[in-house]
Amino acid sequence: MKHRKLRMGMIGGGHDSFIGTVHRSAAFLDNQIELVCGCFSVDPVIARESGLSYFLPEERIYSSYKELFEKEKELPEGERMDFVTIVTPNFLHFEPAMIALENGFHVVVDKPVTFSLEEAKLLQKKVEETGLLLALTHVYSGYPAIKEMKDRVRKEDIGKLRKVCVEYPQGWLAERIELQSGNNAGWRTDPKRSGKAGCVGDIGTHAWHLAEYVTGLKVQEVSAELTAFVEGRMLDDDCTALLRFEKGVKGVLVATQIAAGEANNIRLRVYGEQGGMEWRQEEPNTLYVKRKNGVTESIKIGNNTALGEFAAYYTRVPAGHPEGFYEAFANIYRNFAYVLRDVKNGREPDPKSLDFPTIEDGVRGMQFIETMVASGYDEVNKWQKWIE
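Residues take numbers from 1 onward in each chain, read along the sequence in its written order. Thresholds applied to this predicted model are a pLDDT of at least 70 for local features of residues and 80 or more for the giving and counting of side-chain atom pairs; totals over whole chains, interfaces and linings are not thresholded and use all residues. Note that the side-chain values use all heavy atoms of the structure and ignore hydrogens as well as water.

(A) Structural detail: the sheet that holds strand β1 (residues 6-12). Across the sheet, five strands lie side by side as β2-β1-β3-β4-β5; this open sheet has parallel pairing. The sheet terminates laterally at β2 (33-39) and β5 (134-136), the two strands that pair on one side only. Direction aside, neighbouring strands of the sheet carry axes that sit 25° apart on average. The pairing of β1 with β2 spans six bridges and is classified as parallel. Residue M10 lies in a different strand from β2, and its bridge partner there is G38. Contacts from helix α1 (residues 18-28) reach β1, β2 and β3 (83-87), with the element oriented near 175° to β1. Note on pairing: two strands pair once DSSP finds at least 2 bridges between them. Strands here mean DSSP runs of E at least two residues long; helices mean DSSP runs of H or I at least four residues long; both are numbered from the N terminus. With axes taken as lines fitted to C-alpha atoms, and helix axes fitted only over the stretch in contact, angles between N-to-C directions fall between 0 and 180 degrees. The contact criterion used throughout is that any non-hydrogen atoms of two residues lie within 4.5 Å.

(B) Representation of the packing of aromatic side chains in the model. Any Phe, Tyr or Trp ring, taking Trp's six-membered ring, that has another such ring centre within 6.5 Å forms a pair; planes under 30 degrees apart are called stacked, those over 60 apart edge-to-face, and the others tilted. Enumeration over the complete set of coordinates arrives at 15 aromatic pairs. A centroid spacing of 6.4 Å and a plane angle of 85° characterise the contact between F325 and Y326, whose relative ring orientation is edge-to-face. Seen in terms of ring centroids, F336 and F356 are 6.1 Å apart; in terms of plane orientation they differ by 80°. Their pairing is edge-to-face. Taken as a pair, F336 in helix α11 (residues 325-344) and F356 in the loop between α11 and α12 (359-376) lie far apart in primary sequence, 20 residues in all. Residue F336 shares its accessibility class with F356, and that shared class is buried. In this scheme, a residue with accessible area under 20% of its type's maximum is buried, one over 50% is exposed, and one in between is partly exposed, where area comes from a 1.4 Å probe on protein chains only.

(C) Quick peek at the packing of helix α4 (residues 94-102) against helix α5 (residues 117-130). Viewed as axis vectors pointing N to C, α4 and α5 meet at an angle of 15°, and their least axial separation amounts to 10 Å. Accordingly, the angle class assigned to the pair α4 and α5 is roughly parallel. Note that α4 runs across α5; the crossing there is left-handed. Only E119, L122, L123, K126, V127 and T130 of α5 make contact with α4, whose side of the interface consists of F94, A97, M98, L101 and E102. Small angles under 35 degrees read as roughly parallel and large ones over 145 as roughly antiparallel, with 65 to 115 read as roughly perpendicular and the rest as oblique. Definitions for this section: a left-handed crossing has its near helix turned counterclockwise from the far helix by less than a right angle. A right-handed crossing has that turn clockwise.

(D) Local environment of the sheet that holds strand β9 (residues 250-256). Spatially, β13-β12-β11-β10-β6-β9-β8-β7-β14 is the arrangement adopted by the nine strands of the open sheet, whose pairing is mixed. Looking along the sheet, the strands with just one partner apiece sit at the ends: β13 (296-300) and β14 (383-385). Pairwise comparison of adjacent strand axes, ignoring direction, gives a mean angle of 15° for this sheet. Pairing geometry for strand β6 (residues 161-169) and β9, over seven bridges, is parallel. In the strand pairing of β9, C165 is matched with V252. The sheet contacts of α12 involve β7 (219-227), β8 (238-245), β9 and β14, and relative to β7 the element is tilted by about 55°.

In structure tokens, the structure reads:
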């Protein structure tokens, strides 16, 4: 592979898409990746307008993702895309990801990884067969403060873990806005496009992944309650669950989209025998470390000596300068790019770069959804073992 940027294709992410802009900005942040082609919308007008606004040649603005793969694989290696990013609703994750892998293209995909657990397992099998990379954008695991939290848990800075509390309250679905235009609530509340779960799949999976990522422990059982508070809504907009982790650690997960007045107030707390730690996404550059003697340390994220080597690798600016959502996304793209470049050049990847969510996280995410739904709607057997 020549010394060059990695070439990215994109499915979804037209100019009317919020998350597409986030993905592109994050991918470009470290100057490792360039956009070379895409199918940006099911609407051909939006698709073409978007591609032109991204300064792509018309011949590489495609009308369907099937055309994208057909045309790209015909191009010489020195021109065609290296990987594709899929930023579409849940029901449009599996097929383009599978076609990409079948045609030799690496994949980045939004969460949850697929529409169903069955699809996730098929995709996992294809990744294993091809040896290609698949990255899943569980963005909150990319924050430097979360890296520091994970590192301190691993080093038992607060002693042996006992309790995990993770919350993800939003309020944007407190009313039935899916009946209105101009928002993306429609597909998120539609079981034909979202899957078995609403809130659980959309943001509950983020809360679950954050808890497992930081603790390094897997959830083994859940006891959940799922509710659709808004009249007429077909999928859950609120959930609460008790979690049983490995090694006897207990947890509580709350995810809701009907908490009126809340924006994106993710909060993670972990407690061990010697103290606890707390992080909030709306205050992303501070990690609170609480000692059992009553002293609380406020660790400011940035290039400072308080951070361990693991978290310092993910910081870009001095302490006091905001680092947040885009940079967390970029940390996933940067690591993916570094590993992909090493793979293409026949080198062993740097272990630090391997820290990004993969198909294994995607499968566990779908298992989380299945287990939560099974528990949430079973009034007799509330405790459900992890569905494999």
